[in-house]
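Inside the fold
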Amino acid sequence: MTSPPPLSGIRVLELAGLAPGPFAGLLLADFGATVLRLDRATPKAHGPNPPPPTNDQLTRRKSSIAVDMRSPGGISFIKALIPHVDVLIDPFRPGVLEKLGLCPTTVLTAINPRLIVARMTGFRRDGKYANMAGHDINYIAVSGVLSMLGRAGEKPYAPGNVLGDFAGGGAVCFMGILLALIERLRTGRGQVVEANMVDGAAFLGTFPRLGRKSWSWGGERGRNVLDGGCPYYDTYETKDGGFMAVGSLEPQFFDALLKGLGITKSDLPGPREDPSTWKELAALFTRLFKEKTRAEWEKIFDGTDACCTPVLTQGDLEEQGYDQRPIVTLRDSPSLAIAANAGEEKDVGVRAAKGQGGGVEGEGWSEEGLSPGVGGEVMLEEWVGWKRGRQFEVERGGLVFKQGSKL
């Protein structure tokens, strides 16, 4: 029997930001939490013709309220709401909440001792970068990880903003929130969770960092086994401009690769374990993969243990109807579904992997975004029974708490 998602009943107030904070909120929402995004006050918010959606695309299952955090009325509204919140996500630079009179340790957790305040920064809160602006590339740069990414003889190459913003940032923040929720079950108290993308990315780089002291990652950038230096752990262009990914590290997998390529060990420039042969071996593989299309190589390697797969694009996956799934499978209390067809799956395990419920519009491939003030008043009524005109009013595009109102 399927149970509700594990975070059902958890209320999250997400202070609006971009990338890591919203991603943590998205993960919480996928696993059943109700997430209310707090946007800046703006004209038309909470009106019949709401403003355009913000640039935040990570809005699945979220609602919005608009509040002027620089006004006494807006701050009073937030303080009145805090007793009814389980998690608050703070995406701001160090000191911003304190300047607003919302210090987590002296104000927020005093109002609600069970509150978990998840603070997400780029740099550490201490050290010479603490008060500097930055982006993903800067955070992974000072973490030491960026220096290890890229081809031999070329400059370091940042992998989009996946490693810092989302893996080292949002996902790590999500993990911290879960740990704090577990601790709250034991103690009854919330706490402040501090995540930053420098430490998050650095920790994700544990394996290559330790590998520097061994054969696996002891060479210069781009000359090691897993960073593009090894010809049987690399990508190769095909006849039609596609690419195949090769990860044939173990001897038996390498043998299967050679069989699929139509060659034998006698055709190799030397022992594969000898790095001095890698340049010639890479040239051989490059020539061979260019002889067939990606589809032809797929037909050869599908179902084998050669560890050779196509490099599928996002467009490929969308066209093929690839179903977006939750980040992890819980067999008894699955996440909420992303794709609409999840409930039609007959296999119990696959159905759990796809998640429960009806899915979302866009099925994970597109998102219309969320306008400030949309859906938030409904959420406030569901959470705490608040209604406009009783507990709050709208002033200059933002909600303000009505002093003296009955909570």
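These remarks concern the structure in this document. Keep in mind the model is a prediction, meaning the values are calculated, not measured.

About the thresholds
Residues numbered from 1 in each chain as written. Predicted model: local features only at pLDDT ≥ 70, side-chain atom pairs only at ≥ 80, totals over all residues. Heavy atoms only, no water. Helix = DSSP H or I, 4+ residues; strand = E, 2+ residues; numbered from the N terminus. Buried < 20%, exposed > 50% of the residue type's maximum accessible area, 1.4 Å probe, protein only. Areas by Shrake-Rupley, 256 points an atom, 1.4 Å probe, with all protein chains shown as cover. Lys, Arg positive; Asp, Glu negative; His and termini not counted. Charge placed at Lys NZ, Arg CZ, Asp CG, Glu CD. Pairing = 2+ DSSP bridges. Axes fitted to C-alpha atoms, helices over the stretch in contact; angles between N-to-C directions. Contact = heavy atoms within 4.5 Å. Core = buried A, V, L, I, M, F, W, Y, C linked by side-chain atoms within 4.5 Å.

Some thoughts on the overall build of the chain
- Broken down by element type, the chain carries 14 helices and 11 strands.
- Taken over the C-alpha atoms alone, the chain extends approximately 85 × 55 × 45 Å along its principal axes.
- Every one of the 407 residues in the chain was classed for burial, and the buried ones make up 45%.
- Within the structure as shown, the chain displays about 20,900 Å² of accessible surface, and the carbon and sulfur contribution to it stands at 54%.
- The average position of the 47 basic charges and that of the 48 acidic charges among the side chains of the chain differ by 7 Å.

Description of the sheet that holds strand E6 (residues 192-196)
- In spatial order, the strands read E3-E2-E1-E4-E5-E6; together these six strands make up an open sheet with parallel pairing. Strands at the two margins of the open sheet, each flanked by one partner only, are strand E3 (62-67) and E6. Put simply, the sheet's adjacent strands are angled 20° from each other on average, direction ignored.
- Note that strand E5 (residues 116-121) and E6 share five bridges and pair parallel. Residue pairing across strands places threonine 121 opposite asparagine 196, the latter belonging to E6.
- The sheet strands contacting helix H4 (residues 104-111) are E5 and E6, and the helix crosses E5 at an angle near 145°.

Here we look at the nonpolar core
- Membership of the largest hydrophobic core comes to 29 residues, with the highest contact counts inside it found for Leu7, Val12, Leu28, Val87 and Ile177.
- If you list the elements that add at least two residues to this core, you get helix H1 (20-30), strand E4 (87-90), E5, helix H6 (162-187), E6 and helix H7 (197-204).
- Residue contributions to this core peak at six residues, all from H1.
- Sequence-distant contacts of leucine 28, defined by excluding residues within four places in its chain, comprise Leu7, Val12, Ala33, Ile89, Phe174 and Ile177.
- By size, the runner-up hydrophobic cluster in this structure holds 27 residues, among which are Ala80, Leu88, Trp383 and Leu399.

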